[in-house]
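Residue-level structure breakdown
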Amino acid sequence: MRLFYGVIMQLIGSVPSPYVRRVRIWAQENDCKLELVSLDIFSDQDRPTMASKNPARKIPILVDGDLTLSDSNSILRYLLEKTGQPKLTWPQEHLLTTINACNDSLVEMVLCKRSGFDTKSDKLFFNLQNERIEQILSFLNSHLSDEEFKSCEYLNISLYCLLDWICFRELADFSQHSALVAFHKQYGERQAAIDTNPRH
Ligand SMILES: N[C@@H](CCC(=O)N[C@@H](CS)C(=O)NCC(=O)O)C(=O)O
């Protein structure tokens, strides 16, 4: 059955972004054609393109004909509906929000580092992010075998993108969490993970 026809949807984003990568992997795994418009979102040249599509000035952005959507969570909900697939259950939403919180904290820390702050210094903002990141990684490590997690493709994809981005950017150490290490290695063998690898 041909699910997508007409104009090909565009995904505005960048190759390293873990949020963009989630959508790309999901699309590849679900035979959903997306054209990636790859931007350097902090460059003077590309920033206006992003800003013209999303006042929040964040990626990913999906353009499907007249419809523009931002935020990976909304984009995924839209694509699930479009392909006639069930929504995430509430426990799965909770797990996704938890993965997002860890990812968001890491994005904030990267931006702080790029702004010249010492993110290891004993400051409330950094302490809160570091605590959240550590606690969530530990929580996820012990919930990988939960049925809610295992049965949800998008949760698997989102966690993989988070963990692989952590490794790629050397942002945190999860080597003591053996379930996360094994999951990262195993998911990384999937073709969609290989095809979206930001290292090449
Ligand atoms: N909640 C958003 C987060 C997206 C996000 O943080 N994207 C980053 C790139 S990985 C971004 O655009 N950052 C630009 C900024 O914070 O100014 C989502 O799920 O799409």
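Residues numbered from 1 in each chain as written. Predicted model: local features only at pLDDT ≥ 70, side-chain atom pairs only at ≥ 80, totals over all residues. Heavy atoms only, no water.

Read from one edge to the other, the open sheet built from 4 strands follows the order β2-β1-β3-β4, with strand pairing classed as mixed. The open sheet is flanked by β2 (34-38) and β4 (67-70), the only strands paired with a single partner. Strand after strand, the sheet turns through a mean of 20° between neighbouring axes, direction not considered. Taken together, the 4 bridges between strand β3 (residues 61-64) and β4 define a ladder with antiparallel strand orientation. (Pairing = 2+ DSSP bridges. Helix = DSSP H or I, 4+ residues; strand = E, 2+ residues; numbered from the N terminus. Axes fitted to C-alpha atoms, helices over the stretch in contact; angles between N-to-C directions.)

Let us now look at the domain arrangement of the chain. Size of an interface, as often reported, equals the accessible area lost when the parts are brought together. Splitting the chain by domain gives domain 1 (9-82) and domain 2 (90-193). Between domain 1 and domain 2, the C-alpha centre-to-centre distance is 21 Å. On the domain 2 side, the residues contacting the 14 residues of domain 1 number 23 residues. For the pair domain 1 and domain 2, the summed buried surface comes to about 1,700 Å²; carbon and sulfur atoms form 52% of the total. Across the contact surface, domain 1 and domain 2 share 2 salt bridges. Here R190 and E29 are joined by a salt bridge, their closest N and O atoms 2.9 Å apart. Counting across the interface, domain 1 meets domain 2 through 8 residue pairs in polar contact (both at pLDDT 80 or more). Secondary-structure elements contributing two or more residues to the side of domain 1 that touches domain 2 are α1 (18-29) and α3 (72-82). When residues of the side of domain 1 that touches domain 2 are assigned to their parent elements, the largest contribution, 8 residues, is made by α1. Partitioned by chemical class, the residues of the side of domain 1 that touches domain 2 number 7 nonpolar, 4 polar and 3 charged. (Domains from an automatic or database assignment. Contact = heavy atoms within 4.5 Å. Buried area = accessible area lost by both parts, 1.4 Å probe. Salt bridge = Lys/Arg side-chain N within 4 Å of Asp/Glu carboxyl O. Polar contact = N/O pair within 3.5 Å; in protein donor to acceptor, adjacent residues only side chain to side chain. Nonpolar A, V, L, I, M, F, W, Y, C, P; charged D, E, K, R; others polar.)

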